[in-house]
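Below, each chain spelled out in residue letters.
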Amino acid sequence: MDKSATRYNVQLYIYDLSRGMARSLSPIMLGKQLDGIWHTAIVAYGDEFFFGGEGISSCPPGGTMLGPPDTVVELGETEVSEEIFMEYLSSLGESTYRGDRYRLFEHNCNTFTNEVAQFLTGRAIPSYITDLPSEVLSTPFGQILRPILDSIHIAPPGGNVINSGRNA
């Protein structure tokens, strides 16, 4: 390995879309405690990258209407160059992470950040985030809400779509 290779810091930005309401309401509605409804993004190369109903988007860190993240997790460093990373994202945006492939429970921002985190650092994002959909769906109320929630496409305003892939 080349000791002089440039290394880039990689962070996970975590946002609670419920702004604390999940903590209060989940025991009543679901019969179990949820600490938040998580939206995540990868921050690397000076930008924040996320996936939503519009596809893969980027913005300055904390630049969506969600504002600053609730939590920042240091995922480590990568030697993947920005050019290779952008080619990787473009490829994902044309296939796996096209906007029309967004599914709130199965294929969402957290699925994207988990895959990208592993590509860049070899580390997964915390399981309490990736396990959230199954936690919700394991409850009777979650099953009742599923048809409604399946139609929701979250795309935090303020990002620039990298490749929506809608015509692919």
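Let me sum up the structure you'll find in this document.

Reading the values: the criteria
- Residues numbered from 1 in each chain as written.
- Predicted model: local features only at pLDDT ≥ 70, side-chain atom pairs only at ≥ 80, totals over all residues.
- Heavy atoms only, no water.
- Salt bridge = Lys/Arg side-chain N within 4 Å of Asp/Glu carboxyl O.
- Helix = DSSP H or I, 4+ residues; strand = E, 2+ residues; numbered from the N terminus.
- Buried < 20%, exposed > 50% of the residue type's maximum accessible area, 1.4 Å probe, protein only.
- Core = buried A, V, L, I, M, F, W, Y, C linked by side-chain atoms within 4.5 Å.
- Arc of directions from axis to C-beta.
- Pairing = 2+ DSSP bridges.

In this section: the pattern of salt bridges. Under the definition given, this model contains five salt bridges. For R7, the salt bridge is made with E77, and the minimal N-O distance between the two is 2.8 Å. Taken as a pair, R7 in the segment before β1 (8-16) and E77 in strand β5 (residues 71-78) lie far apart in primary sequence, 70 residues in all. On the accessibility criterion, R7 (42% relative accessible area) is partly exposed. R23 is the salt-bridge partner of D35, the closest N and O atoms lying 3.9 Å from each other.

Moving on to the nonpolar core. Side chains that are nonpolar tend, in soluble globular proteins, to be buried together. Counting 31 residues, the largest nonpolar core has I42, F85, L89, L92, F112, V116 and L120 as its most contacted members. Every element with two or more residues in this core is listed here: β1, β2 (38-44), β3 (47-52), α2 (82-94), α3 (109-121) and α5 (132-137). Residues Y15, A41, C59 and L66 belong to the second largest nonpolar core, which totals seven residues.

Buried within helix α1 (residues 21-30) are the following residues: A22, S26 and L30. Looking straight down α1, one finds its buried side chains confined to an arc of 30°; they lie on one side. Facing away from the buried surface of α1 by more than 90 degrees, the exposed residues are S24 and I28. Two residues or fewer past α1, G31 is found with a positive phi of approximately 80°.

So, on to the pairing of β3. Counting buried positions along β3 gives five out of six residues, so the element sits mostly inside the fold. Two elements, β2 and β3, share three bridges in a ladder whose sense is antiparallel. Pairing of I42 across the sheet is with F49, part of β3. Connecting β2 to the next strand, β3, in antiparallel fashion are two residues, including Y45 with a positive phi near 55°. The pairing of β3 with strand β4 (residues 55-59) spans five bridges and is antiparallel. For F50, the partnering residue across the bridge sits in β4 and is S57. Counting the residues in the hairpin turn of β3 and β4 gives two residues.

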